[in-house]
Amino acid sequence: AGKQVCLVHSWDRLVPRNKEKTSKYIHGFLERHGVEVILNDSVKDLKNGFYVTDKGKKFKCDLCFMTKGATPNFELMKKNFSNVLNKEGQIIVDDYLQIRGHENIFAAGDINSIKEEKTAQNAANQAKIIIANLRAMEKGNEMKKYTTLGNRGMVISLGRRNGIYERGDFVL
């Protein structure tokens, strides 16, 4: 209580992978609760006790959380495995989560090319399939295909008694 909160976000809207309606609601909710929202900017430096954004805005704070979002680091792959990356920089995997052209190498999580929301739940599901497939390979058994959990919807918490549910085009 009694703290001023400032959210600096490098995109042109909050939660950019979600529906625009969801983004607008979250933005309005935060502003109604006293949060200053700065879009299309990011914090780049700390000078003399002030945080400085790319666009030159300066502010002071007691506590700062620096986050980068869901952008995997593909640099190692670009250097050594550029032939297995799609145009988004993701590792191309087959139905068994094997890296294209490398049957003994698998990829799970944010970095692979599976078309689904990159969540911890989906990454854990992929990891289970990879473990099962490694065991199957070791024993000479048939491997399991990965099937996405699909669009099961997403709940975004906005505090103790507020939130948003989004599934497909439905936003509540």
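Let us look at the structure shown here.

Parameters and conventions
- Residues numbered from 1 in each chain as written.
- Predicted model: local features only at pLDDT ≥ 70, side-chain atom pairs only at ≥ 80, totals over all residues.
- Heavy atoms only, no water.
- Helix = DSSP H or I, 4+ residues; strand = E, 2+ residues; numbered from the N terminus.
- Rg over C-alpha atoms; globule rule 2.2 N^0.38 Å.
- Buried < 20%, exposed > 50% of the residue type's maximum accessible area, 1.4 Å probe, protein only.
- Lys, Arg positive; Asp, Glu negative; His and termini not counted.
- Charge placed at Lys NZ, Arg CZ, Asp CG, Glu CD.
- Pairing = 2+ DSSP bridges.

**Let's talk about the overall build of the chain**
Next up, step 1: Within the chain, the regular secondary structure consists of three helices and ten strands.
Next up, step 2: N-terminal to C-terminal, the α/β element order of the chain is β-α-β-β-β-β-α-β-β-α-β-β-β.
Next up, step 3: Computed over C-alpha atoms, the radius of gyration of the chain comes to 20 Å, more than 25% over the 16 Å expected from 2.2 N^0.38 for 172 residues, which places it beyond the range of a compact globule.
Next up, step 4: Across its three principal axes, the chain shows a C-alpha extent of roughly 60 × 40 × 25 Å.
Next up, step 5: Of all 172 residues assigned to the chain, the portion counted as buried reaches 32%.
Next up, step 6: Side-chain charges of the chain comprise 29 positive and 20 negative groups, with the mean position of each set lying 4 Å from the other.

**Remarks on the sheet that holds strand 8 (residues 154-157)**
Next up, step 1: Taken in spatial order, the three strands make up an open sheet running 8-9-10, and their pairing is antiparallel. Both outer strands of the open sheet, strand 8 and strand 10 (170-171), are each paired with one neighbouring strand and no more.
Next up, step 2: Note: strand 9 (residues 163-167) against strand 10, two bridges, orientation antiparallel. Within strand 10, the position partnered with E166 by the bridge is V171.

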